[in-house]
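Structural features, examined
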Amino acid sequence: MVSRHAWELLETPGVRLLADAASELEVVDTSISRSGVKSLYFFHLMDSGMLASMLELLGCSDLSTSLNQHRIVSISSNLYFTPLLQTNPHLKPGQVLSFHEGLGRLMTPSVKAKKRALSYA
């Protein structure tokens, strides 16, 4: 994974890369047992029914009720969806961070990326 060389995940309670948590997630034949996993896909080119379901989940649903039944929630997206969460009536104002704040608390440039950037300076 190329992005893994560019970024490192900061220590955040409840947030881990799937590969790093494989032993805890009952990995079978290099795949994760799907029984406790909820996979969310949110892309700009997707089936309109699936898109409507995602918009309703992120913008309208009580996420604690909708997602707590799943041991793991995996999100794949090429869209910035925080504004949808910010409009969700079940989330408190200020509970969802802005993009730059959320990214800053989640990831940091890797050592390799920093060295590469400094070599261009």
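Another point: a nonpolar patch on the surface. Among the surface-exposed residues, Tyr80, Phe99 and Leu103 lie close enough to one another that they form a single nonpolar patch of about 280 Å² accessible area. Position of Leu103 relative to the elements: it lies in helix α5 (residues 99-106). Overall, the relative accessible area of 31% leaves Leu103 in the partly exposed class.

The next point concerns the packing of aromatic side chains. In the structure shown here, the tally under the stated rule is two aromatic pairs. Judged by centre distance (6.1 Å) and plane angle (80 degrees), the ring pair of Phe42 and Phe81 falls under edge-to-face. Of this pair, Phe42 sits in strand β4 (residues 37-42) while Phe81 sits in the loop between β5 (72-77) and α4 (82-86), and the two are 39 residues apart along the sequence. Centre to centre, the rings of Tyr80 and Phe99 are 4.7 Å apart; their planes meet at 85 degrees, and the pair counts as edge-to-face. In this pair, Tyr80 is assigned in the loop between β5 and α4 and Phe99 in helix α5, connecting sequence segments 19 residues apart. Its relative accessible area of 42% is what places Tyr80 among the partly exposed residues.

Parameters at a glance
Residues numbered from 1 in each chain as written. Predicted model: local features only at pLDDT ≥ 70, side-chain atom pairs only at ≥ 80, totals over all residues. Heavy atoms only, no water. Patch = residues over 30% accessible without salt bridge, like charges linked within 9 Å, V, L, I, M, F, W, Y side chains within 5 Å. Areas by Shrake-Rupley, 256 points an atom, 1.4 Å probe, with all protein chains shown as cover. Salt bridge = Lys/Arg side-chain N within 4 Å of Asp/Glu carboxyl O. Helix = DSSP H or I, 4+ residues; strand = E, 2+ residues; numbered from the N terminus. Buried < 20%, exposed > 50% of the residue type's maximum accessible area, 1.4 Å probe, protein only. Phe/Tyr/Trp six-rings, centres within 6.5 Å; stacked < 30°, edge-to-face > 60°.

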